[in-house]
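# Remarks on the overall topology
Below, each chain spelled out in residue letters.
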Amino acid sequence: MTSERFLKKYCTNQNIPDESTLRKNYIIDVYRNILEKIKNEIGKNLIWISADETTDSCGRYIANLFIGKLSLEPSPAYLIASKALEKVNHSTIARFINDSITAFFVDTSIAERVCIFISDAAPYMTKAGVALKIFYPNLIHVTCFAHAIHRFAEEIRNEFLSVNKLISAVKKVFMKAPSRIQTYREQLPT
């Protein structure tokens, strides 16, 4: 269902503004209000950042930057920047992160408050973490724990070839066989 059909169906007694009116007159204000709420939530706390890159359906490289405050209690992560990059390497990622942070915290000194950078263990991310230390002296780069476990599991697979073959054979039995998966779930529901 398109948004226009949704609005016509559920907002029957209301005049629905044209999408260009919404885009021109309201979206920017809503966007600024959300950014202000995020800044207020972060406050003067120390900050962690996390960056990742993915490829969209058109084949473009899209970089995303999340921030959160370091506190004793869990705090939400906020997506503050998303940008299409022409190429992905340590310098484009580091530039994207630094530009996004300085644009977001335009009024305040932020360099001392950015303490943790979380990313995957890709070599370009590791190099980006080193490059960011120039701008953020308290920065500690932490590679994602899931990626570390994956690398550890890959090493174990390489060491125990017979176990690896067994696991691969079992995976092949279930990989593209919905009926086998269903039978397995029926026999062992938990």
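Everything here concerns the structure above.
Residues numbered from 1 in each chain as written. Predicted model: local features only at pLDDT ≥ 70, side-chain atom pairs only at ≥ 80, totals over all residues. Heavy atoms only, no water.

### Details of the packing of aromatic side chains
For the structure shown, the criterion picks out 2 aromatic pairs. A ring pair is formed by Phe104 and Phe105, whose centres lie 4.8 Å apart and whose planes are at 85°; its orientation type is edge-to-face. Phe105 shares its class with Phe104; the two are buried. (Phe/Tyr/Trp six-rings, centres within 6.5 Å; stacked < 30°, edge-to-face > 60°. Buried < 20%, exposed > 50% of the residue type's maximum accessible area, 1.4 Å probe, protein only.)

### With respect to a nonpolar patch on the surface
On the surface, Phe152, Ile156, Phe160, Val163 and Ile167 cluster together to form a nonpolar patch covering roughly 490 Å² of accessible area. Secondary structure elements with two or more residues in the nonpolar patch: α5 (145-159) and α6 (161-175). With respect to the helices and strands, the residue Phe152 is situated in helix α5. Overall, the relative accessible area of 55% leaves Phe152 in the exposed class. (Patch = residues over 30% accessible without salt bridge, like charges linked within 9 Å, V, L, I, M, F, W, Y side chains within 5 Å. Areas by Shrake-Rupley, 256 points an atom, 1.4 Å probe, with all protein chains shown as cover. Salt bridge = Lys/Arg side-chain N within 4 Å of Asp/Glu carboxyl O. Helix = DSSP H or I, 4+ residues; strand = E, 2+ residues; numbered from the N terminus.)

### Focus: the environment of Glu53
Assignment of secondary structure puts Glu53 in strand β1 (residues 47-55). Classification of Glu53 as buried rests on a relative accessible area of 17%. A C-alpha to C-alpha distance of 42 Å links Glu53 and Thr12, two positions 41 residues apart in sequence. The contact partners of Glu53, leaving out residues within four places of it in the chain, are Tyr61, Ile62, Ala63, Val88, Ile93, Tyr124 and Met125. Engagement of the side chain of Glu53 in a polar contact is seen with the side chain of Tyr124, the distance being 2.9 Å. (Contact = heavy atoms within 4.5 Å. Polar contact = N/O pair within 3.5 Å; in protein donor to acceptor, adjacent residues only side chain to side chain.)

Any functional reading would require information that these geometric values do not contain.
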